[in-house]
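# Tertiary structure, described
What follows is the residue order along each chain.
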Amino acid sequence: QVQLVESGGGLAQPGGSLRLSCAASGSIFRIIAMGWYRQAPGKQRELVAKITSGDRPDYADSVKGRFTISRNNAKNTVYLQMNSLKPEDTAVYYCNVQIKTGVYSPTYDYWGQGTQVTVSS
């Protein structure tokens with residue numbers, strides 16, 4: 001089994017910053033990709049940012065230039081630095097990790113429990 005523990009989030013004013021963290025632990029052979037998704041009330045879950053080993057990160061157009069995703073491979077942790085926050089960034093943010101548990105295992109998707117980000121004055 002794999003566990004994901006998210007931290008960060010909370011309330012920020014427009015133009016402010018927040019940082020999210022997500023640490024993966026358990027039966028991890030190899031992490032294929034780590035990323036962040038978000039879901040606002042009444043909307044579908046959408047990709048915010050994703051990073052794979054050795055690849056350039058991908059960002060949703062709506063967050064390019066404002067959000068930065070990074071990972072610490074030694075700690076199996078992914079971060080999302082969110083700057084210049086806007087009210088439309090308000091959502092529940094979910095960590096997603098794609099993991100192989102063995103050499104020949106399939107790739108499994110794991111999700112964090114979600115953390116609320118609210119941007120309001």
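Note: the structure precedes this text.
What counts and how
- Residues numbered from 1 in each chain as written.
- Predicted model: local features only at pLDDT ≥ 70, side-chain atom pairs only at ≥ 80, totals over all residues.
- Heavy atoms only, no water.
- Disulfide = S-S within 2.5 Å.
- Helix = DSSP H or I, 4+ residues; strand = E, 2+ residues; numbered from the N terminus.
- Buried < 20%, exposed > 50% of the residue type's maximum accessible area, 1.4 Å probe, protein only.
- Patch = residues over 30% accessible without salt bridge, like charges linked within 9 Å, V, L, I, M, F, W, Y side chains within 5 Å.
- Areas by Shrake-Rupley, 256 points an atom, 1.4 Å probe, with all protein chains shown as cover.
- Salt bridge = Lys/Arg side-chain N within 4 Å of Asp/Glu carboxyl O.

### Overview of the state of the cysteines
What makes a disulfide is a covalent bond joining the sulfur atoms belonging to two cysteines. Applying the stated criterion across every chain yields a total of 1 disulfide. Covalent S-S linkage joins Cys22 and Cys95, the inter-sulfur distance amounting to 2.1 Å. Every disulfide takes its handedness from the sign of the S-S torsion; for Cys22 and Cys95 that torsion is -80°, giving left-handed. On the criterion of sequence distance, the pair formed by Cys22 in strand β3 (residues 18-26) and Cys95 in strand β9 (residues 91-100) is long-range, its members being 73 residues apart. Each member of the pair, Cys22 as well as Cys95, carries the same accessibility label: buried.

### Overview of a nonpolar patch on the surface
On the surface, Phe29, Val103 and Tyr104 cluster together into a nonpolar patch covering about 420 Å² of accessible area. Using a relative accessible area of 54% as the deciding quantity, one classes Val103 as exposed.

These values are about where atoms sit, not about what they do.
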